[in-house]
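# Inside the fold
Spelled out, the chains give:
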Amino acid sequence: MDHSLAQPCLTMAGLRQQPPSSAAAQNSFTAKLLLLLTLLPLSLALFAFLLQWRGGGIDDPISRWSPDESHKFPGMDSSPLSTVAHSSDCTTLFGHSSTASFPYFKDWKFNFHADLKPKICVTTSTSAGLEQILPWMFYHKVIGVSTFFLFVEGKAASPRVSKVLESIAGVKVIYRTKELEDQQARSRIWNETWLSSFFYKPCNYELFVKQSLNMEMAIVMARDAGMDWILHLDTDELIHPAGAREYSLRQLLLDVPKNVDTVVFPNYESSIERDDIKEPFTEVSMFKKNYDHLTKDTYFGMYKESTRGNPNYFLTYGNGKSAARIQDHLRPNGAHRWHNYMKTPKYISMLSYEFIKQTSYAYVPVLHTIYSALPIFEIKLEEAAVLHYTYSKFSDLTSRRNRCGCKPTKDDVKRCFMLDFDRSAFIIASTATEEEMLNWYREHVVWTDRALNLKLLRKGILTRIYAPMTIIQGLRESGIFGSIIASAQGSLSKDNFLASIESSNSSRASAFRLLDSRNIGRDRVSQSAARKALDIDISSDESAIPPLSPPLIDEDAEIEA
């Protein structure tokens, strides 16, 4: 054998058997990394198991109260209500459960302290019963409203209901009496022209005038009570304070810039999925979003599918509701807006306001300072909304029919109702049989097509909102509503309670007579002279803003052309 040839072979074989040191280091690092990635999830899983097994020392808010106390609402321990028997028919309207579905705390109080800012009040004109008013009121208490001015008539003004409302802290009940009518007939806005086009007309026009007159009085009461903000809401509307750092109307308004006088909450409309809804606040979670919260392409691109053959995108109004700072010269501008006698309205969206403010700050700090000081009368919120539970119960058809004496003809309903769907609903409720009414209701109001619902949910036309449902269900299960009713009735002896009812009936004989805007001031020969004597330029006053429908697709096409 040639040893000279064998030696190089051995050398090459040795090189193959001993890899370079760098490759060995790389392989070692990869192995360690894989081991670490394997052990890390196992360690975390073991740690989580130990926390769950031992409790981990985590302070869960729900665990702060024991199961035995879960049915008691804050403040009930020291109250005599726990010993009062719920014998009233009213208390059966509100269920009571020992299971709490809303994580409230023991120290949660509804009597807000004077140092909480801003102070918010809500005014409403209502004839509803306790089954609707109490959930509506306490929901708004939860999100930060401290004071309510309730202008009541009909069922809401009955002694059994009004006694309960008067017993609640922060609630002022105003009855429609002859004295109130006389006082409102002498009010400033009754003697101005901006509201006069709604005078002397029935049904919705009459309600619109009453709401405006009541709002004018509520401004005075809010100022006397030291309020910072005022809202006008109906008892079928809930504020949804989305976009705030917490689910709080107080936090939302606290973040509004100081130079903004009013904020607009675009309205979302309830989209019911059944025809047997009894309690809309706790049974409805699907809503149709407002035009202001959609892109133009989405709104008009899905318009026909969204209307489902109805006259408009929404069944009723689409111009939202607003909140206003309490300040001098404030007045209502119809039920949906506020106005100031001494300020020229300037309107801007919240998103535009923030963009301009941040831009001016980034480039010219002096401009930011100047811009922040300029008065912006009104901004429109980009996420928060008012949830309108309209026609959410089948009985809403007949209830609207029963409180309006118009003829069910196409011409006469125009005299009574401002919106097309209300007119159609009144005619159907007045002329159709019960079965025909139900079929019409299912076709025009109930969203039974699941495929269409899913499509519109994906497109963003429809949305699911659960927070109000959860809060109100939690309040209901806590037993607070039944306790309030029992407290109001238990505070009087049986004889005194019956005596108070008789006294109320006699002293308020005129309170239950609905205020007819067609009669206010009709016998006052000085009305025209009073208008002329006003020390303001009424010729430039625009008409009050009524409930308005969202934009029509044809209107947009004309604008594009």
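Right, let's walk through the structure included here. Everything numeric in this text was worked out from a predicted model, so none of it was measured.

So, about unusual backbone geometry. For the bond from lysine 117 to proline 118, the omega torsion is -10°, close enough to zero to count as cis. Locating proline 118 in the fold gives a position in the loop between helix H2 (21-54) and strand E1 (120-126). Of note in this structure, cysteine 203 is not a glycine but carries a positive phi near 60°. Summarising the element assignment, cysteine 203 is placed in the loop between helix H5 (178-185) and helix H6 (204-224).

The next point concerns the pairing of strand E3 (residues 171-175). Most of E3 sits inside the fold, with four of its five residues counted as buried. The pairing of strand E2 (residues 147-152) with E3 spans five bridges and is classified as parallel. Of the residues in E3, the one forming a bridge with leucine 150 is valine 173. Taken together, E2, helix H4 (residues 159-166) and E3 form a β-α-β motif whose crossover is right-handed.

Tallying each qualifying case throughout the model produces two disulfides. Between the sulfur atoms of cysteine 406 and its disulfide mate cysteine 416 the distance is 1.5 Å. Across the disulfide from cysteine 406 to cysteine 416, rotation about the S-S bond amounts to roughly -100°, and the bridge is consequently left-handed. Pair noted here: cysteine 406 is in the loop between helix H13 (395-402) and helix H14 (410-416) and cysteine 416 is in helix H14, with a separation of ten residues, a long-range link.

Okay, the pairing of strand E7 (residues 267-270) next. Relative to strand E14 (residues 385-388), E7 is paired through three bridges, and the arrangement is parallel. When the bridges of E14 are listed, glutamate 269 appears paired with histidine 388. Sheet topology places E7 next to strand E8 (residues 286-288); two bridges connect them, and they run antiparallel. Within the sheet, the bridge partner assigned to glutamate 269 lies in E8 and is lysine 288.

In space, the five strands of this open sheet follow the order E5-E14-E7-E8-E15, with mixed pairing throughout. Each of the sheet's edge strands pairs with one partner strand only, and the pair in question is strand E5 (237-240) and strand E15 (462-464). With direction set aside, neighbouring strand axes in the sheet form an average angle of 35°. The strands touched by helix H17 (residues 450-459) are E8 and E15; relative to E15, the strand with the most contacts, the crossing angle is about 85°.

Here we come to the packing of aromatic side chains. Each aromatic ring pair is specified by the distance between its two centres and by the angle formed by the two planes. Applying the stated criterion across every chain, the model contains 19 aromatic pairs. Geometrically, the ring pair formed by phenylalanine 138 and phenylalanine 481 is edge-to-face, given 6.0 Å between the ring centres and 70° between the ring planes. Taken together, the residues span a long stretch of sequence, with phenylalanine 138 in helix H3 (residues 130-142) and phenylalanine 481 in helix H19 (residues 480-490) at a distance of 343 residues. Judged on exposure class, the residue phenylalanine 138 and its partner phenylalanine 481 are both buried.

This part takes up the packing of helix H15 (residues 420-431) against helix H16 (residues 434-444). With their axes 10 Å apart at the nearest point, H15 and H16 run at an angle of 155° to one another. Put simply, H15 runs roughly antiparallel to H16. The two elements H15 and H16 cross, and the hand of that crossing is right-handed. Of H16, the residues touching H15 (which contributes Phe421, Ser424, Ala425, Ile428 and Ala429) are Met437, Trp440 and His444. The residue inventory of the contact of H15 with H16, partitioned by class, reads six nonpolar, two polar and no charged.

Definitions and limits used
Residues numbered from 1 in each chain as written. Predicted model: local features only at pLDDT ≥ 70, side-chain atom pairs only at ≥ 80, totals over all residues. Heavy atoms only, no water. Helix = DSSP H or I, 4+ residues; strand = E, 2+ residues; numbered from the N terminus. Buried < 20%, exposed > 50% of the residue type's maximum accessible area, 1.4 Å probe, protein only. Pairing = 2+ DSSP bridges. Right-handed = clockwise from strand over helix to strand, strands pointing away. Disulfide = S-S within 2.5 Å. Axes fitted to C-alpha atoms, helices over the stretch in contact; angles between N-to-C directions. Contact = heavy atoms within 4.5 Å. Phe/Tyr/Trp six-rings, centres within 6.5 Å; stacked < 30°, edge-to-face > 60°. Parallel < 35°, antiparallel > 145°, perpendicular 65-115°, else oblique. Left-handed = near helix turned anticlockwise from the far one by under 90°. Nonpolar A, V, L, I, M, F, W, Y, C, P; charged D, E, K, R; others polar.

Structural measurements only, silent on function.
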